[in-house]
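A closer look at the structure
The primary structure of each chain is shown beneath.
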Amino acid sequence: MWHLRRWSVPAYSKAIEVDGLVRRFGDFTAVDGISFDVEPGEFFGFLGPNGAGKTTSISILCTLLNPTAGSARVAGHDVVTERDAVRSSIGLVFQEITLDDYLTGEENLRFHAVLYGLRKEQVQERMPPLIEMVGLSDWVDKQVRFYSGGMQRRLEIARGLLHAPRVLFLDEPTIGLDPQTRTHIWDYIEDLRHRESTTMFLTTHYMDEAERCDRIAIIDRGRVVAIDTPDNLKASVGTDTVTITTDDEEAARVAIARELDVEGEHCSSGLRLRVPEGEKFVPRLFDTPGVGVQSVSVRRPSLDDVFIKYTGRDIRDAESDSVDQFKSSGMVQAFRKR
């Protein structure tokens, strides 16, 4: 069984501290005075539609951009005045693969170790258990160009952990992967959570992944509009979703509005109604003249509903602002120039 041991770990009260952070680009304010803390060892989700300021915020935390105002500390280090210390304290898993295809898995890890100034004994201690952890023991001596997408992502996770970071940034770590591979990646990450005290900072568009977080912050138009546990955020929605199909959905919508004072909305699966205590509401539907229910389903609030409540749009919406499009490749290039 693999086991990892840390070295030279400084003491700090918060893994990430953000206080009144602002970033402007000319007249455009991408990040507008956000504040939040992340506890050591916490799995923290950071969600937001494209153009909301999410990527700009992450770029500041990773020392790729300087803030216009406010402050941020990562692993106890200021992101402006202690940039090198921050970079030594964080690991990064980008959306896009950043491995060298013509190096083997082991060579990629050793190259990373050189960049971070790890001693030979530290590499010998950390690398074997990490390779075992991500299930690449039989592939570590093969060139990365022969790896599948999921294997490359697993190697990137191992690389991001090699220098024993205090905070691991996971920027859409499973984007573009098939569902089975996504599940396997999360098996490794969950295993890591139970064995390491690494703080994880996740961005994702997959709500099932966000459900794994201890807490979630939602950012929209440059401001944090909600922050809490997944369960508390879902409870804040306050309504269930009841979806019905009928012979005439428009007639049913009018009848429900008139008789039950509930406004419905047409959707691809029928007529959608948002009501408290959905299961108690369903019998009233069947008793309402002019509705003619054919089928009905009741769904408790989800993180998708939370996202819509606080941002007014679905997380998958492609509404974006070009100023905030520091896509993963851009972050990669900036970090390589550090």
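Note that the coordinates shown come from a computational prediction; the quantities given were computed from them, not determined experimentally. Residues take numbers from 1 onward in each chain, read along the sequence in its written order. Only residues with pLDDT of at least 70 get local features here, since the model is predicted, and only at 80 or more are side-chain atom pairs given and counted; chain-wide, interface and lining totals rely on the full set of residues. By convention in this description, side-chain values take in all heavy atoms of the structure and omit both hydrogens and water.

Section: the sheet that holds strand E3 (residues 43–47)
- Pairing between strands is defined by DSSP: at least two bridges between them are needed. Secondary structure is summarised from DSSP: a helix means a run of H or I of at least four residues, a strand means a run of E of at least two, and numbering begins at the N terminus for each. Pairing is mixed in the open sheet, where 6 strands are placed in the order E6-E7-E8-E3-E9-E10. Every other strand in the sheet has two partners, leaving strand E6 (90–93) and strand E10 (223–228) as the edge strands with one partner each. The mean angle between the axes of side-by-side strands here comes to 20°, regardless of whether they run parallel or antiparallel.
- In what follows, a contact means two residues having at least one pair of non-hydrogen atoms within 4.5 Å. To obtain each axis, a line is fitted to C-alpha atoms, and for helices this fit is confined to the stretch in contact; angles are then taken between N-to-C directions over 0 to 180 degrees. On the sheet, helix H6 (residues 179–195) packs against E3, strand E7 (167–171) and strand E8 (199–203) and is oriented at approximately 150° with respect to E8.
- In the packing of helix H8 (residues 230–237) onto the sheet, contacts are made with strand E9 (215–220) and E10, and the angle to E10 comes to roughly 110°.

Brief notes about helix H4 (residues 120–133)
- Helix span, expected: 1.5 Å multiplied by one less than the number of residues in the helix. Its 14 residues place the ends of H4 20 Å apart at the C-alpha level, agreeing with the 20 Å of an ideal helix rising 1.5 Å per residue.
- Those residues of H4 lying buried are Gln-122, Val-123, Arg-126, Met-127, Pro-129, Leu-130, Ile-131 and Met-133.
- Residues of H4 that are buried sit in contact with helix H3 (105–115), helix H5 (149–161) and H6.
- Two residues or fewer after H4 comes Gly-135, characterised by a positive phi angle close to 70°. Any residue under 20% of the maximum accessible area for its type is buried, any over 50% is exposed, and the rest in between are partly exposed; the area is computed with a 1.4 Å probe on protein chains only.

Brief notes about the packing of H3 against H4
- Look at H3 against H4: their axes get within 11 Å of each other, and the N-to-C directions meet at 140°. Accordingly, the angle class assigned to the pair H3 and H4 is oblique. For the element pair H3 and H4, the recorded crossing hand is right-handed. Listed contacts from H4 to Glu-106, Leu-109, Arg-110 and Ala-113 of H3 are Val-123, Met-127 and Ile-131.
- Put simply, Ala, Val, Leu, Ile, Met, Phe, Trp, Tyr, Cys and Pro go in the nonpolar bin, Asp, Glu, Lys and Arg in the charged bin, and everything else, Gly too, in the polar bin. For the contact of H3 with H4, the per-class residue count stands at 5 nonpolar, no polar and 2 charged. Each angle receives one of four descriptions, namely roughly parallel if under 35 degrees, roughly antiparallel if over 145, roughly perpendicular if within 65 to 115, and oblique otherwise. Note on convention: the crossing is left-handed when the near helix lies turned anticlockwise from the far helix by less than a right angle, right-handed when the turn is clockwise.

Brief notes about the confidence of the model for the protein chain
- Scored between 0 and 100, pLDDT is the confidence that the predictor attaches to each residue. Confidence in the prediction for the protein chain averages 87 pLDDT; 89% of positions are at 70 or higher.
- Across the protein chain, the element-wise mean pLDDT spans from 51 in helix H12 (residues 328–336) up to 98 in strand E1 (residues 16–25).
- Predicted confidence for residues 318–329 stays below pLDDT 50, and this span has 30 contacts to residues more than four positions away or in other chains.

Here's the deal with the packing of aromatic side chains
- Each Phe, Tyr or Trp ring (for Trp, its six-membered ring) is paired with any other whose centre lies within 6.5 Å, and the angle between the two planes then decides the class: stacked below 30 degrees, edge-to-face above 60, tilted in between. This structure, assessed with the given rule, holds 8 aromatic pairs.
- The interplanar angle of 35° and the centroid separation of 5.6 Å between the aromatic rings of Phe-36 and Phe-46 together place this pair among those described as tilted. One end of the pair, Phe-36, is in strand E2 (residues 28–38); the other, Phe-46, is in strand E3, and 10 residues separate them in sequence.
- Given the relative accessible area of 6%, Phe-36 is considered buried.
- Phe-46 sits in the buried class, given a relative accessible area of 0%.
- Ring centres of Phe-46 and Phe-201 lie 5.4 Å apart, and the angle between their planes is 45°; on these two criteria the pair is classed as tilted. Here the residue Phe-46 occupies a position in strand E3, and Phe-201 occupies one in strand E8, the gap between them amounting to 155 residues. We note that Phe-46, like Phe-201, is buried.
- Counting every residue linked through ring pairs, the aromatic cluster contains Phe-36, Phe-44, Phe-46, Phe-169 and Phe-201.
- Note on criteria: charge over ring means Lys NZ or Arg CZ within 6 Å of the ring centre, with the direction from the centre no more than 35 degrees off the ring normal. The positively charged end of Arg-23 is found above the aromatic ring belonging to Phe-25, 4.5 Å away from the centroid.

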